[in-house]
Structure formats: structure tokens, C-alpha cells
Amino acid sequence: MTLDKHSIQGLAAFTTKTLPSNEFEKRMLNAGYFEVGSAPGQGGRIKVWWSHDEYPRVESIYSPNKNLVLTAYHV
């Protein structure tokens, strides 16, 4: 759980180690990001990729039930 250790261009800095998925997604959409894909991750987690017209792509890692975002970073 390292969401607070990464910064995403166009978003305010995260101050918590995880974030409810609905809050994270709202922030991403408000900043102009859009979801472009997803895949299974390690330990049952879920990877979700986000794209933006100006910023680099973002990979986010969700909990297995997709209720929490554990981390997100530019790739």
C-alpha cells in the first residue's frame, strides 16, 4: 500500500496509503484520465490502466474485490 509514495500528473498528492476505488476513479476522471484496460495482477489483485491526452499512462493496482486502490504510478 504505497499510494502516498507516488504522484500522478494532474492530481493533488495522495496523503493516504490506500484510497476507496470510487474516490480514486473520481479524481482520475476529473483530471481527464480515462480507463483503457485491466488485467489480473499478483495475489488476486487487479491492474487497471489509465490514459490521458497530455500525461503519461498510469497503472493502478486494486484490491481483489476492487474496493480499494493500493497504489498507482506512471508507466
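From a predicted model like this one, the values you see are computed outputs, not experimental measurements.

Thresholds, definitions, all that
- Residues numbered from 1 in each chain as written.
- Predicted model: local features only at pLDDT ≥ 70, side-chain atom pairs only at ≥ 80, totals over all residues.
- Heavy atoms only, no water.
- Helix = DSSP H or I, 4+ residues; strand = E, 2+ residues; numbered from the N terminus.
- pLDDT = per-residue confidence, 0-100.
- Core = buried A, V, L, I, M, F, W, Y, C linked by side-chain atoms within 4.5 Å.
- Buried < 20%, exposed > 50% of the residue type's maximum accessible area, 1.4 Å probe, protein only.
- Contact = heavy atoms within 4.5 Å.
- Pairing = 2+ DSSP bridges.

Student: I'm lost on the environment of Thr 15 in this one. Help?
Tutor: If you trace the backbone, Thr 15 turns up in the segment before strand 1 (19-20). On a C-alpha basis, the gap between Thr 15 and Asp 4 in space is 5.3 Å, while along the polypeptide they are 11 residues apart.

Student: I keep staring at unusual backbone geometry and nothing clicks. Help me out?
Tutor: The phi angle of most residues is negative, glycine excepted, and most peptide bonds adopt the trans form. Although it is not a glycine, Lys 66 adopts a positive phi angle of roughly 65 degrees. For Lys 66, the position within the fold is in the loop between strand 4 (58-62) and strand 5 (68-74).

Student: Could you clarify how one ought to interpret the confidence of the model for the protein in this entry?
Tutor: When pLDDT is low, close inspection of the predicted coordinates is not appropriate. The predicted model of the protein has a mean per-residue pLDDT of 96, with 100% of residues at 70 or higher. The spread of mean pLDDT over the elements of the protein runs between strand 1, the lowest at 96, and strand 3 (residues 46-51), the highest at 98.

Student: Mind showing me how you'd approach the nonpolar core here?
Tutor: Nonpolar side chains in soluble globular proteins tend to be buried together. One finds Ile 8, Phe 24, Met 28, Tyr 33 and Trp 50 to be the most contacted residues of the largest nonpolar core, which totals 15 residues. Secondary structure elements with two or more residues in this core: helix 1 (21-30), strand 3, strand 4 and strand 5. Once you skip the residues sitting within four places of it in the chain, Ile 8 turns out to touch Phe 14, Met 28, Tyr 33, Val 58, Ala 72, Tyr 73 and His 74.

Student: Just to check I follow, could you spell out the pairing of strand 4 for this structure?
Tutor: A regular strand places its side chains so that they alternate between the two faces of the sheet. Burial analysis of strand 4 places five of its five residues in the buried class, the great majority of the element. Residues Val 58, Ser 60 and Tyr 62 line one face of strand 4 and the alternating positions Glu 59 and Ile 61 line the opposite face, and both faces are buried. By the bridge criterion, five bridges tie strand 3 to strand 4 in an arrangement that is antiparallel. Paired with Val 48 across the bridge in strand 4 is Ser 60. Hairpin connection of strand 3 to strand 4: six residues between the antiparallel strands.

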